[in-house]
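# Fold and geometry: a report
Chain residues, written in single-letter form:
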Amino acid sequence: MEDTLEVQWDQLLTKLEQSIGKRPADLNGVLFLIGVQELGKGVLHFTKEQKQDLMHIGICKVLSQVGYYEFDYRDTDGWPHWKLVQKLPFSDLLSQEKMLKEYVINYFQNEVGI
């Protein structure tokens, strides 16, 4: 199963490279892209703090698919806010990364169609 996840992950990165012209370097890069997509303001210049916020938005969005987070509201600047509704099951960094990759793949298949 681990091999299958890595094959699917590599395929996703290849599709993203074809779509945006650059292959994301890692999971954080993909989470950033999801955050930008969910923000819905297009390509802008973001500060380092905003980039971290966008990765958090990406994490919340993909984990909302399985009930860990729930969309709460958009602030006056249009940034989405999420609330934690179920304790996260992560026991270590490796299992966290594996789980996030699975949900990221699901996000792109179900929400974006790639």
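It should be noted that the structure appears before, not after, this text.
One structure accompanies this document, and this report is about it. Quick caveat, the model's predicted, so the values are computed rather than measured.

## Observations regarding the overall build of the protein
- Looking only at helices and strands, the protein has 4 helices and 2 strands in total.
- Taken over the C-alpha trace, the protein has a radius of gyration of 14 Å; the compact-globule value for 114 residues is 13 Å, and the two agree within 12%.
- On the principal axes, the C-alpha backbone points of the protein span a range of 45 × 35 × 25 Å.
- Within the span of the protein, comprising 114 residues, buried residues form 32% of the whole.
- Of the roughly 7,200 Å² of accessible surface on the protein, 49% is carried by carbon and sulfur atoms.
- In the protein, 12 positive and 17 negative side-chain charges are present, and the distance between their average locations comes to 3 Å.

## Quick notes on the nonpolar core
- Grouped together as the largest cluster of nonpolar side chains are 28 residues, with contacts concentrated most on W9, V30, V62, L63, V104 and F108.
- Sorting the residues of this core by element identifies α1 (2-20), α2 (27-39), α3 (48-64) and α4 (93-112) as the ones contributing at least two each.
- Sorting elements by how many residues they give to this core places α4 first, with 7 residues.
- V104 has contacts with W9, L12, L27, V30, L31, I34 and V62, leaving out every residue within four places of it along the chain.

## Examining the side chain of K101
- Residue placement: K101 occurs in helix α4.
- Excluding residues within four positions of it along the chain, K101 makes contact with L5, E6, W9 and L27.

## Some remarks on the side chain of E38
- For E38, the position within the fold is in helix α2.
- It turns out E38 is buried and unbridged, and the closest side chain with the opposite charge, K61, is 4.1 Å from it.

## Considering the pairing of strand β1 (residues 69-74)
- As defined by bridge partners, β1 adjoins strand β2 (residues 80-84) across 5 bridges and the pair is classed as antiparallel. Following the sheet pairing, Y69 is matched in β2 by L84.
- The antiparallel hairpin formed by β1 and β2 contains 5 residues in its connecting segment, where G78 sits at a positive phi of about 90 degrees.

## Things to note about the layout of surface pockets
- Estimated volume of the largest pocket: approximately 480 Å³.
- Lining the largest pocket are 19 residues, and of these I20, G29, F32, L33 and V36 sit closest to its centre.
- With 6 residues, the single largest contributor to the lining of the largest pocket is α2.
- Within the residue set of the lining of the second largest pocket, elements represented by two or more residues are α3 and β2.

The rules we used
- Residues numbered from 1 in each chain as written.
- Predicted model: local features only at pLDDT ≥ 70, side-chain atom pairs only at ≥ 80, totals over all residues.
- Heavy atoms only, no water.
- Helix = DSSP H or I, 4+ residues; strand = E, 2+ residues; numbered from the N terminus.
- Rg over C-alpha atoms; globule rule 2.2 N^0.38 Å.
- Buried < 20%, exposed > 50% of the residue type's maximum accessible area, 1.4 Å probe, protein only.
- Areas by Shrake-Rupley, 256 points an atom, 1.4 Å probe, with all protein chains shown as cover.
- Lys, Arg positive; Asp, Glu negative; His and termini not counted.
- Charge placed at Lys NZ, Arg CZ, Asp CG, Glu CD.
- Core = buried A, V, L, I, M, F, W, Y, C linked by side-chain atoms within 4.5 Å.
- Contact = heavy atoms within 4.5 Å.
- Salt bridge = Lys/Arg side-chain N within 4 Å of Asp/Glu carboxyl O.
- Pairing = 2+ DSSP bridges.
- 1 Å grid on protein atoms, 1.4 Å probe; cavity = no way out; pocket = protein on both sides within 12 Å on 5 of 7 lines; lining within 4 Å.
- Points joined across faces, edges and corners; volume = space filled by probe spheres on them.

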